[in-house]
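Listed here are the chains, written in short residue letters.
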Amino acid sequence: MERKSIEQLIVNNEWNMFQQVQGINGRAPCQAEEQYQTFIIMRLSQFESWPTQVIESYLQDLENAKSVERNLVMEKYAWMMEETDPEYFAQISHLLPPVSDVCRDLARKITAQYMCWEKEVEIHYPNVRRNGRPTTAGDSLEGDTSLETYLRCELMTYSEKTLRLLWEVIEAAPHKNLYMISMEKLAKAYGYDSLEAAETALS
């Protein structure tokens, strides 16, 4: 299967799962149909730095989840509540599939590396990052979810195979900033020639 086809299947699966998520206060504005294009841009930007074998494995995770009526997007948001709303999380935690210690450790290590890369992006492109999520949980204000929390909780829904493949990519090229690659893709998706051009335009 061609890479673009794999990516489209991933986004379709994720969007369908996203549409089924019900927050405490009902559906969020970002779930509206007119937000679909934004959803695509954000997700494809994340996948830009992943080798094909990683996205193939992640697609299999989504297909496996769907086959047993699991909603990985819902699970991601539920895990986020462990930090953002501990009292509510205590009421729903028993509904979540257990995450192995190996997967938790891999999710933690991958997130830690992404946070190092994010700091590099923030130094070189502060105007671009100013409009994004807060970096760490400590930077978050009430109602916000940090990039650190969001990524770690998403990774906790991945299979061990997918996490290991992604960690192998990081270990093989520790000085290659995967987050920078994603941000470059995002800038171009919004019509800028480069991340540098976006930084200048947003100054």
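Residues numbered from 1 in each chain as written. Predicted model: local features only at pLDDT ≥ 70, side-chain atom pairs only at ≥ 80, totals over all residues. Heavy atoms only, no water.

Chemist: Explanation requested: the overall build of the protein chain in the structure shown.
Modeler: Across its full length, the protein chain carries 11 helices and zero strands. When its helices and strands are written in sequence order, the protein chain yields α-α-α-α-α-α-α-α-α-α-α. When the 203 residues of the protein chain are sorted by exposure, 44% land in the buried category. When contacts within the protein chain are restricted to residue pairs at least 6 apart in sequence, long-range pairs at least 24 apart make up 69% of them. A total accessible area of about 11100 Å² is found for the protein chain, and carbon and sulfur atoms account for 52% of it. Taking the average location of the 20 positive side-chain charges in the protein chain and that of its 32 negative ones, the two points are 3 Å from each other. (Helix = DSSP H or I, 4+ residues; strand = E, 2+ residues; numbered from the N terminus. Buried < 20%, exposed > 50% of the residue type's maximum accessible area, 1.4 Å probe, protein only. Contact = heavy atoms within 4.5 Å. Areas by Shrake-Rupley, 256 points an atom, 1.4 Å probe, with all protein chains shown as cover. Lys, Arg positive; Asp, Glu negative; His and termini not counted. Charge placed at Lys NZ, Arg CZ, Asp CG, Glu CD.)

Chemist: Help me out: how do you make sense of the packing of aromatic side chains in this one?
Modeler: The description of an aromatic ring pair rests on the distance of the ring centres and on the angle between the ring planes. Throughout the structure, instances matching the rule amount to 13 aromatic pairs. Where Tyr77 meets Tyr150, the ring centres are 6.4 Å apart and the plane angle is 80 degrees; that geometry is what we call edge-to-face. One end of the pair, Tyr77, is in helix H4 (residues 72-84); the other, Tyr150, is in helix H8 (residues 147-155), and 73 residues separate them in sequence. Note on Tyr77: relative accessible area 24%, which makes it partly exposed. (Phe/Tyr/Trp six-rings, centres within 6.5 Å; stacked < 30°, edge-to-face > 60°.)

Chemist: Which parts of the structure should I look at to understand the pattern of salt bridges?
Modeler: Oppositely charged side chains can pair when the atoms bearing their charge come close. Applying the stated rule across the entire model yields 14 salt bridges. For Glu63, the salt bridge identified is with Lys66, shortest N-O distance 3.5 Å. Note that Glu63 and Lys66 are positioned in helix H3 (residues 52-67) at a spacing of three residues, about one turn of the helix. Residue Lys66 is classed as partly exposed on the basis of its relative accessible area, which comes to 46%. Two residues, Glu75 and Arg70, come together in a salt bridge whose shortest N-O distance is 2.7 Å. (Salt bridge = Lys/Arg side-chain N within 4 Å of Asp/Glu carboxyl O.)

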